[in-house]
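For reference, the chains in residue letters:
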Amino acid sequence: MKDKFVIQGLSGRKTLSGKIKVNGAKNAILKVMASSVLFEDGIEMKNIPDIEDVKRLSELLGKMGVVVSKKNKGIYSIDAKKIKYCELDREISERIRASIVLTGPILSRFGEVSFPVPGGCVIGARPIDFFVEGFEKMGAEMEFKNDRYYIKVKTGKKLKGAEIFFRAPSVTATETFVMAGVLAKGKTVLKNCAIEPEIKNLADFLISCGAKIKGAGTSTIEIIGGGLLKSKGKIYKAMPDRIEAGSFLIMGALCADNLEITDCNPNDIEILIEILKDAGVPLEIGKTSIKIKGNAKLKNKDFKSIGFKTKEFPGFPTDLQAPMVIFLTQATGESLVFETIFEGRLNFVEDINRMGANIILLDPHRALVKGPTSFRGREVESPDLRAGLAFIIAGILAKGESIIDNVYLIDRGYERIEERLQKIGVKIERIS
Ligand code: EPU
């Protein structure tokens, strides 16, 4: 069953107001769920949103014999004591990219793992060469047959520590090898690591449960391998989702008068805050909240256009590129957008142009946005989760009705977004 969102646009009026809370971070939670395989006992997690990717990963773990139980709202317990299989289910793995991080803990615990080519959002080639090469350095061999990778430790059952230099800072590769190192024999040194906050969040939890990890959040990480971890009842609380916070902030800048984004960490989206302030958006930054105050006085066309390029943390996150493009369609002037990470992530601009934008795709990585332009409601289908949020913002800005098809992609990362947006004044309905 494919749900749709129907949005009645505000024709550029800035009437949204109230408070909107930021949920736990999808890209931190999925990795902590995967880390359950490293534990002798179960782990408890809280602040977990009800999103499709968490459900899919729970199913994937379940198929391997891991017991995932959802307790009260937002609280999960995961127990890998009875894990039986080292094979990742094809259908589920082909739906979520995060499935790849399970290979690290499974291989380091059992000495073997098999998995299909991982899927996820269609945003570019998304190779897995760093994973295969890293496992080979740690003493495993790879075979590819029947459309699956089979990775096995050559001698004995244990991966051995190694020095691995990533040719590019990869978030999931860094997380996978941090987890692989936890049960490997000896020292693993990872160089040119990604430094996204979700990586430190995962490492801090593992350290609190006995893992020996140094340097997470910097480009060099050292892990000394040991035995299975013990949580001893420690509860992991998910950090706030910086991409959700950033998307709400862009939406607020364009469509709200007074809006408060709560339960977030402004330090994790400093670059976006600086760019929006520079463009002229009136912001008040608190410790765990951001207010957009009295914004209706300012017309969106008074905002300055600003070029930006996506970069690894603390640079501009690729996951906020699509919503930021919508911002630039409303600001006055020409902006060059350079998507440096994924070559498929500007594909959504074709549909945004159908809604009235004037964006020239110069090549798969670069777009020229000319603003201001006004939007008309249209029927569109999001190519990926983050562009989905951009379509919602465009629909709110537009004149008339917009329909967004296949909202499963949005549900992958945003919990019941329509109910939360209705509370701040967005006219959005889910149609099944
Ligand atoms: N890369 C390789 N070889 C590899 C792995 C990565 O060449 O083996 C390259 C990629 O092609 C890309 C670059 O390295 O050019 C960085 O990609 P990265 O591996 O960091 O991306 P990822 O780990 O697959 C995570 C998030 C993405 C987010 C990116 C960048 C998860 C599950 N996914 O992906 O989130 O866009 O980091 O920050 O953590 C999303 O949430 O919508 C999403 C796509």
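Above this text is the structure in question.
Residues numbered from 1 in each chain as written. Predicted model: local features only at pLDDT ≥ 70, side-chain atom pairs only at ≥ 80, totals over all residues. Heavy atoms only, no water.

K.L.:
Would you mind showing me how to read the site of the ligand here?
P.N.:
Taken together, the neighbourhood of the ligand is formed by 23 residues, with Lys31, Asp129, Ser170, Thr172 and Asp319 sitting nearest. Within the side chain of Asn27, a nitrogen or oxygen atom sits 3.0 Å from an oxygen atom of the ligand. Computed on the free molecule, the ligand has an accessible area of 830 Å², of which 89% lies beneath the protein chains in the complex. Spatially, the ligand is embedded in the largest pocket. Classifying every residue of the shell around the ligand gives 11 nonpolar, 4 polar and 8 charged. Inspection of the shell around the ligand shows a minimum of three residues originating in each of domain 1 (4-23 + 240-431) and domain 2 (26-237). (Near = heavy atom within 4 Å. Polar contact = N/O pair within 3.5 Å; in protein donor to acceptor, adjacent residues only side chain to side chain. Areas by Shrake-Rupley, 256 points an atom, 1.4 Å probe, with all protein chains shown as cover. 1 Å grid on protein atoms, 1.4 Å probe; cavity = no way out; pocket = protein on both sides within 12 Å on 5 of 7 lines; lining within 4 Å. Sits in = over half its atoms within 2 Å of the grid points. Nonpolar A, V, L, I, M, F, W, Y, C, P; charged D, E, K, R; others polar. Domains from an automatic or database assignment.)

K.L.:
Quick question: what am I supposed to make of helix α9 (residues 270-279) here?
P.N.:
An α-helical segment advances 3.6 residues per turn. Residues three or four places apart therefore align on the same side. Of all the residues in α9, the buried ones are Leu272, Ile273, Ile275, Leu276 and Ala279. Looking straight down α9, one finds its buried side chains confined to an arc of 165 degrees; they lie on one side. In the core, the buried residues of α9 are packed alongside α8 (242-255), β15 (283-285), β16 (290-292), β17 (308-309) and α10 (321-330). Directly beyond the C-terminal end of α9, a positive phi value near 110 degrees is found at Gly280. (Buried < 20%, exposed > 50% of the residue type's maximum accessible area, 1.4 Å probe, protein only. Helix = DSSP H or I, 4+ residues; strand = E, 2+ residues; numbered from the N terminus. Arc of directions from axis to C-beta. Contact = heavy atoms within 4.5 Å.)

K.L.:
Which parts of the structure should I look at to understand the environment of Asn295?
P.N.:
For Asn295, the location among the structural elements is in the loop between β16 and β17. Accessibility expressed as a relative area gives 0% for Asn295, which makes it buried. Separated by 64 residues in sequence, Asn295 and Ser231 have C-alpha atoms that sit 46 Å apart. Setting aside its immediate chain neighbours within four residues, Asn295 contacts Lys14, Gly252, Ala253, Ala256, Asp257, Pro282 and Phe303.

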